[in-house]
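Now for the letters of each chain:
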Amino acid sequence: ILEALWQGYHCINTAFIYGGETTEAQVGLAIQDAIGEKLLTCEDLVVITKPWHKSHGHEATMECLKLSTKRLYLRL
């Protein structure tokens, strides 16, 4: 993921459940590394994530997305 950011990718598409719920954390660490290396800023990046299908309804969706943003080391 970090290599993709080095190559110029500025859009990351992930989901709550990808990789047995571990992918978001890996993506988040790569984003933090890229920011730490001054490769990009949060404003340069588009991150797309999707809630798990069991998270239907406003409250459940928001809770799932809050967990995703926490895993990604991002803020809503």
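The paragraphs below set out a description of the structure included in this document. Per chain, residue numbering runs from 1 following the sequence as it is written. For a predicted model such as this one, the threshold for reporting local features is a pLDDT of at least 70, and the threshold for listing and counting side-chain atom pairs is 80 or more; totals across whole chains, interfaces and linings nevertheless cover every residue. Heavy atoms from the whole structure form the basis of all side-chain values; hydrogens and water molecules are not counted.

### Some details on the environment of Leu45
Think of it this way: any DSSP run of H or I at least four residues long counts as a helix, any run of E at least two long counts as a strand, and we number them from the N terminus. Topologically, Leu45 is positioned in the loop between helix H3 (23-36) and strand E2 (46-48). Sequence separation between Leu45 and Ala60 is 15 residues, and the spatial gap between their C-alpha atoms is 26 Å.

### Brief notes about the nonpolar core
By convention a nonpolar core is built from buried Ala, Val, Leu, Ile, Met, Phe, Trp, Tyr and Cys residues, the set being connected through side-chain atoms within 4.5 Å. We call a residue buried when its accessible area falls under 20% of the maximum for its residue type, exposed when it is over 50%, and partly exposed in between, using a 1.4 Å probe and counting protein chains only. Ranked by size, the top nonpolar core spans eight residues in total: Leu5, Ile12, Val27, Ile31, Ala34, Leu40, Leu45 and Leu72. Here this core gets three residues from one element, more than from any other, and that element is H3. Excluding its chain neighbours within four sequence positions, the residues that come into contact with Ile31 are Leu5, Ile12, Leu45 and Val47. Two residues qualify as a contact provided that any one of their heavy atoms is within 4.5 Å of a heavy atom in the partner residue.

### A short note on helix H4 (residues 58-71)
By definition here, a helix of n residues has an expected span of 1.5 Å times n minus one. The end-to-end C-alpha distance of H4, which contains 14 residues, comes to 20 Å, matching closely the 20 Å that a straight helix rising 1.5 Å per residue would cover. All of the buried residues in H4 are Cys64, Ser68, Thr69 and Arg71. When H4 is viewed along its axis, its buried side chains cluster within an angular range of 155° and face the same direction. Exposed positions of H4 whose direction lies more than 90 degrees from the buried face are His58, Glu59 and Lys70. Along its buried surface, H4 packs onto helix H2 (18-21) and H3. A positive backbone phi angle near 60° is found at Tyr73, which sits one or two residues after H4. Note that the arc is computed from the directions linking the helix axis to the C-beta atoms.

### Describing unusual backbone geometry
Within the chain, Lys38 stands out as a residue other than glycine whose phi angle is a positive 60°. Relative to the assigned elements, Lys38 resides in the loop between H3 and E2. By relative accessible area, Lys38 is classed as exposed at 72%. At Tyr73, a position not held by glycine, the phi torsion is positive, near 60°. On the secondary structure map, Tyr73 appears in the segment after H4.

Treat this as a map of the structure, not an account of what it does.
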